[in-house]
Structure formats: C-alpha cells, structure tokens
Amino acid sequence: MVTSLYGAVEQGLIYAIMALGVYLTFRILDFPDLTVDGSFVTGGAVSAVMIVNGYDPFVSILAGGLIGFFAGCVTGILHTHGKINPLLSGIIMMIALYSINLRIMGKPTIPLLNETTWFKQIGTWWEQSGIDAAIFSLFSSMGMEEYMPKTFLVIFSMMLLVMIIKKMMDWLLATEAGLALRATGDNDRMAKSFSANTKGYIIIGLGISNGMVAVSGAMITHYNGFADINLGIGMIIVGLASVIIGEGLFGKDKMARATLAVILGAIIYRIIISLALRMDFFDASDMKLITAVIVVGALVIPVWWRQFRDRKKRMARKKEIDAQEQTHTEGASQIATTEAD
Amino acid sequence: MLQLKQIEKVFYEGTPDEKRALQGIDLKLNEGDFVTVIGSNGAGKSTLLNVIAGVIFPDFGKVTIDNQDATFIPEHRRAQWIGRVFQDPMAGTAPHMTIEENLALALGRTKKRSLLPGVSSKRKKEFREILSSIDIGLENRLTTKVGLLSGGERQALSLLMATFTKPKILLLDEHTAALDPSRAELVTRLTKELVERHQLTTLMVTHQMDQAIELGNRLMMMDAGQIIFEANEEDKKDLTVEHLIAKFQEIRGKKMANDRSLLTV
C-alpha cells in the first residue's frame, strides 16, 4: 500500500512536467492543444532510439524535448497561418505524429532494460552519495522498515528537476515577452494593439509546451524501461485532470501559485489512480475510464457545490422574509380582531 | 503625421451584400491635430480607424504615417506608432493580468520585448506615478487583476495605457459610448488632459455631436463611406449641434429622421 504510493508520487512528479506544458497551452494561451497525445510519445521515441544507439541518456531527453518543440510549432503554424481551428490543428498533428513516432521507433515498442537510462546513470552517483542509506537507517530506527521504498532516487531527482522547470516557467512568464504571451491568450486583440506578434507567440508557446510534454514522455520511458507507441493515448486528459485538480485544491491566483498547484495536481491525480487500481473491481485497463470520471468530477463537483450553497443561502433568506410576513399578518389580524371587538 | 490618399474599401465584393465601406477617403493630420469624426451607423468610421491601425488593408489607396508608407504594414508592427482605445471597455486590457502587468505590456508597444522582468521595482514606482496622474485611486491597486475593475476604471486604464508611451497617432473608437454618463464624462476629461499633456495627434470617432464639438481642433462628418463635411479650427469655434444637423441635411438633401435618432445630441 504505502510503497505503491511512492510509485504514484514518482510518476506524478514526472507527469508534472507534462501537466505544466498542458497548463501553458490550456490556461495561459487558451488553446486546447491535443498535440500532446502525440508529442508525449515522440519524446519517448526519440530518447529511446538514441539510447539504444549509444547516446548519453540526458542528451537523448533534451533531443526528445527539441523534437517535441518542433511538433508543437507545427500545430501553431497550422492554426495561425493555415487558419485551422485549434482543436483540429492539434488532432491533425496528433494523428500525424502517430505515424512519425512509429517511423522513429521502427517498431511499436523499444525495451530499454539493458540500456543505460537516465535514472540508472544518476543512480550510480546516488548510491555513492549514501543519502538512501541514511534515510533507510532513519526509517529502521523508527521501526518502519516495511514502509520503505526501494530508493528515493527518483523522488529526489525529479523533485529537483520539476522545481527547476517550475522556476524557469515562473520567470519566463514574468518577463516582457512572457507578459505578451499571457496577453495573447488573455485578450489577443489588445495584445496586437500593443505590438505583440500574437501569431508568433502562439507558435512559440505551443512549441515550449510540447517540448515540456516530450521531455516528460522521455523521462517516463526511462522510468518504465521501455518506449511504447500507445503510451500517449489520453495524455491530454491526464494533463487536464492535473491542472483542474491542482487549481481546484490549491488555487490559481498568482502565477507561481498556479504552477505549484499544477505540479501537486499531477501527483494527486497519480495517487487517486493508484488507489483506484488497488480496488479488486478495477483492472489496469479501466484507467482511462477512471481518468474520465476524475475529470468530469473535478469539473462538475465544484459547480454543483457552489449552486447548492447559493441555493441554501437563498432559501434561508427567503425563510426570513416569510417569517417577517407571517408576524406582520398575524399582528394585522390581531389588530383587526381587537377592533372588531 | 498621418496621410490617407484615396482610400477605398469594399466588403463582400461581387455579392448581393456588397458594401462600399470607404469611397475615396483623403485625409491629412498634422502633428498635434485632434480630429473628431461623427457620422451615423455604417458611415465607415470604424472601418477608417481599422485601415489606419492595419487591422484591415485598403483595397485601394495609400496610408502614410510619419512620412513612411504604412499601407500594408501588419497591425502588430504598425502598433509601435499607434495607440488605440476601443469602444468595449473590456477590449483594451488583459483581465487576468494585474494592473502593473498590463502597464508593463503597454510599455512594450514601442520597443522589442526582452527576457528581462516585465515589472521591476523601478518600473513599479513609475507606474504608481503614472497612475496617480489620472487620480482615480488605481495607484494603490497595482497588483489587482484588471478583470476586477469597473468598466469606467478599465476604460480609464486603457486610455492611460494607450497614451503614456506617447504614440505618434492616437485612435479613439467611441471609447466613451459604453459607459454611464458620469464615467463617460470622466473618460472624456481624461482624454482631453492626456492628449494635451503628451501633445498627441488624435483621431476620435464619436456618436455624440456635443462631444465632437467640445473636443479637438478639427471636426469631420462621414456618411456612406465619404467625408461629407469638414470644419477647421476657425469654423469649429462657432459650430453648434443645430449647425451640424442643418449641414448634414443641406449636403445630403434628405431628412435626418432616422439618423437623428442615431446621433445623440
């Protein structure tokens, strides 16, 4: 039970990079970008092929991100210069990338079990550092051996990496160019009237978003130990679920707060999924359905809750008036009877 | 500063809905001119502003801004010379960004945007000063999201954002029409102050004849895509609303029954 939670947190941290990318398009640019389903796999595919061919794992992740960046830019160009509807541009790229990903990989799955993945690479350094050993001795001194994960490597390294990416994103969105990017999504007519090349910002924004998605896909590939052509199916919904859960639970007032909320949302989403899958009733194949239900729930429950609360408030107020009226009429009828007497 | 030569614009050309929005507009604005434009709905006033701003390109004619041919320069590049305020108070600001972020964005109109922080502490101080100059209390709300401001406040902010970087040309598109009378008066007063302070060359479209007479040093009346009447600085001093209506009837030779209801006195 507890050990599976470690796995959920690990995966949540890796998927958080993807969720931040989705946040950039969905919320900042107001562009529902479905390229994600394809670019997530593209990152994994490029990285896996490069590792098999002996490239450095970290370089392969960056390369995957770069190709994802270009894929996102193409979606942006389809929309801005081809005047294709945003949803359709994304779907077109998603479909195109499916074939491209197969071309890159050459086969539907690439196993990386005997290859040096990024986690294996930093793992040797991690063991030397002795941090795991120190934490484990702490656990056993408290008599909690059974609650120990195999290693804290993924959690620590990903936490560091995700925080770096978050900080970079916060910084970028506060720069002059970042403000123009946000204005493009917020009010594009106004952005244009203040010299912002909105088409350019949409293209670059989609590029950065899909670059992040592809990096996340590459890292998941390293984490899983294989690349799979179908890994990206429904990824956009996973990203969206993370964004919505995060915003709902942790707020979205300030930029830095919102990006943190998205990261936490991604982790919580993974925890919910892992808890749901522990129920005997569900199979691993039910994950997409569970995801759909989570997204619907996250979208609908707050709205219903607000309606319910407002209704209760209104009813309470109306009762007050009813009560006032009643005392009034009672008083009046009393006066009437006394007069009649 | 701004020169338009024989501007023509036709919408839906070759269809039954064909509309000749602009028919041979010639216009010259000298530096410091403040021209008010009146005309009924469909006269082509907004189309004229859109041609100047580069939102649409003319089918025929030439637009010159500060002695440069700007006819086909796209909107976002032309914006470095042009400040604009729209009719809709929601249109000129980004609602999910704070007041200081909006001002920082406006600052980027005239120069290339960098990867330096948009809102530095030095700029914050400047923004506070600029905001206190319009005296509606926004200087203490720098980190408030603009979406939380009232329509009047947003329009005042839009006006400030369009003017404080001193554009070569200021375009105002019925920017007080969607506000209640007291707010409209405030924004009109601010317009006067800001245009005078920065010595801006301005073109203002309005529905209100009294506003058109009160503001600016020149006035022009448009109808059916043409400029049908112009008043220079001398003529404008003696203009009254009655004069304008009489002028319109004289030139167009038709009763203003319909138009009169559209042009608010």
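Residues numbered from 1 in each chain as written. Chains lettered and ligands numbered in written order. Predicted model: local features only at pLDDT ≥ 70, side-chain atom pairs only at ≥ 80, totals over all residues. Heavy atoms only, no water.

Per an unreviewed UniProt entry, chain B goes by the name Putative ABC transport system ATP-binding protein and belongs to Melghiribacillus thermohalophilus. On record in UniProt, under Subcellular location (unreviewed entry), the comment for chain B is "Cell membrane". (UniProt positions renumbered as here; feature names shortened; annotations may be inferred.)

An unreviewed UniProt entry lists chain A under the name Putative ABC transport system permease protein, with Melghiribacillus thermohalophilus given as the organism. Under Subcellular location (unreviewed entry), UniProt gives the following word-for-word description of chain A: "Cell membrane".

(A) Quick look at the overall build of chain B. Counting its secondary structure elements, chain B contains 10 helices and 10 strands. Considering only C-alpha atoms, chain B reaches an extent of 60 × 40 × 35 Å along its principal axes. For chain B, with 265 residues in total, the buried portion stands at 54%. In chain B, of all internal contacts separated by at least 6 residues, the share reaching a separation of at least 24 is 67%. Within the structure as shown, chain B displays about 12000 Å² of accessible surface, and the carbon and sulfur contribution to it stands at 47%. The positive charge centre, built from 36 side chains, and the negative charge centre, built from 36, are 6 Å apart in chain B. (Helix = DSSP H or I, 4+ residues; strand = E, 2+ residues; numbered from the N terminus. Buried < 20%, exposed > 50% of the residue type's maximum accessible area, 1.4 Å probe, protein only. Contact = heavy atoms within 4.5 Å. Areas by Shrake-Rupley, 256 points an atom, 1.4 Å probe, with all protein chains shown as cover. Lys, Arg positive; Asp, Glu negative; His and termini not counted. Charge placed at Lys NZ, Arg CZ, Asp CG, Glu CD.)

(B) Representation of the UniProt feature "domain: ABC transporter" (unreviewed entry) in chain B within the structure. According to UniProt, the "domain: ABC transporter" (unreviewed entry) feature falls on residues 2–249 of chain B. Segment residues 2–249 of chain B splits into 35% helix and 24% strand. End C-alpha atoms: 30 Å apart.

(C) Inspection of the confidence of the model for chain A at higher detail. Overall, the predicted model of chain A reaches an average pLDDT of 91, with 97% of residues at or above 70. In the model of chain A, helix H6 (residues 131–141) of chain A stands out as the element of lowest mean pLDDT, 81, in contrast to helix H3 (residues 57–80) of chain A, which has the highest, 97. (pLDDT = per-residue confidence, 0-100.)

(D) Representation of helix H3 (residues 99–107) of chain B within the structure. For H3(B), the tally of buried residues reaches nine of nine residues, placing the bulk of the element in the interior. Each element contacted by the buried residues of H3(B) is listed here: helix H8 (176–186) and helix H9 (188–193) of chain A together with helix H4 (121–134) and helix H5 (151–163) of chain B.

(E) Highlighting the nonpolar core. In this structure, Ile17(A), Met18(A), Met158(A), Met219(A), Ile99(B), Leu103(B) and Leu157(B) are the most contacted members of the largest nonpolar core, which totals 115 residues. The greatest single-element share of this core, amounting to 14 residues, is contributed by helix H1 (residues 2–28) of chain A. When we break this core down by domain, the ones giving at least three residues each are domain 1 (2–278) and domain 2 (287–341) of chain A. Those residues in contact with Met18(A), other than ones at most four positions away along the chain, are Val36(A), Phe40(A), Met212(A), Val213(A), Ser216(A), Met235(A), Val238(A) and Gly239(A). (Core = buried A, V, L, I, M, F, W, Y, C linked by side-chain atoms within 4.5 Å. Domains from an automatic or database assignment.)

(F) Seen up close, the pattern of salt bridges. Tallied over the full model, the rule gives 17 salt bridges over all chains. The partner of Glu101(B) in a salt bridge is Arg182(A), and the shortest N-O contact between them spans 3.0 Å. Placement of the pair is Glu101(B) in helix H3 and Arg182(A) in helix H8, with the two residues belonging to separate chains. Take Glu101(B) and Arg182(A): they sit in the same class, and that class is buried. For Arg141(B), the salt bridge identified is with Glu153(B), shortest N-O distance 3.4 Å. One end of the pair, Arg141(B), is in the loop between H4 and H5; the other, Glu153(B), is in helix H5, and 12 residues separate them in sequence. (Salt bridge = Lys/Arg side-chain N within 4 Å of Asp/Glu carboxyl O.)

(G) Local environment of the domain arrangement of chain A. All names here are of chain A. Taken domain by domain, chain A holds domain 1 (2–278) and domain 2 (287–341). Contacts between domain 1 and domain 2 engage 12 residues on the former and eight residues on the latter. A buried area of about 890 Å², summed over both sides, lies between domain 1 and domain 2, and 86% of it is on carbon and sulfur atoms. The interface formed by domain 1 and domain 2 contains zero salt bridges. Across the domain 1-domain 2 interface, the total number found is two residue pairs in polar contact (both at pLDDT 80 or more). Looking at the side of domain 1 that touches domain 2, the elements with two or more residues in it are helix H11 (235–250) and helix H12 (255–278). Among the elements that take part in the side of domain 1 that touches domain 2, H12 stands out by supplying six residues, more than any other. (Buried area = accessible area lost by both parts, 1.4 Å probe. Polar contact = N/O pair within 3.5 Å; in protein donor to acceptor, adjacent residues only side chain to side chain.)

(H) A look at the interface of chain A and chain B. Contacts between the two partners involve 23 residues from chain A, matched on the other side by 35 residues from chain B. Carbon and sulfur atoms supply 56% of the area buried between chain A and chain B, which totals about 2400 Å² over both sides. If you sort the residues of chain A by the area they bury against chain B, Glu176(A), Asp186(A) and Phe194(A) come out on top, with a joint share of 30%. One can count three salt bridges joining chain A with chain B. The tally of links from chain A across to chain B stands at 15 residue pairs in polar contact (both at pLDDT 80 or more). If you list the elements that add at least two residues to the side of chain A that touches chain B, you get helix H7 (153–174), H8 and H9 of chain A. With seven residues, the top contributor of residues to the side of chain A that touches chain B is H8(A). Each residue belonging to the side of chain A that touches chain B can be placed in one class, and the counts come to 11 nonpolar, five polar and seven charged. (Nonpolar A, V, L, I, M, F, W, Y, C, P; charged D, E, K, R; others polar.)

(I) Representation of the side chain of Arg123(B) within the structure. Tracing the backbone shows Arg123(B) in helix H4. Aside from chain neighbours lying at most four places away, what touches Arg123(B) is Glu176(A), Ala104(B), Leu107(B), Lys111(B), Pro117(B) and Gly118(B).

(J) Seen up close, the pairing of strand E8 (residues 201–205) of chain B. All names here are of chain B. With respect to burial, E8 is a largely interior element, five of its five residues being buried. Neither face of E8 is open: one carries Thr201, Leu203 and Val205, the other Thr202 and Met204, and all of them are buried. Sheet topology note: the strand E3 (residues 34–38)/E8 ladder contains four bridges and is parallel. Its bridge partner lying in E8, Val35 is registered against Leu203. This β-α-β element, strand E7 (residues 169–173) to helix H6 (residues 181–198) to E8, shows right-handed connectivity. (Pairing = 2+ DSSP bridges. Right-handed = clockwise from strand over helix to strand, strands pointing away.)

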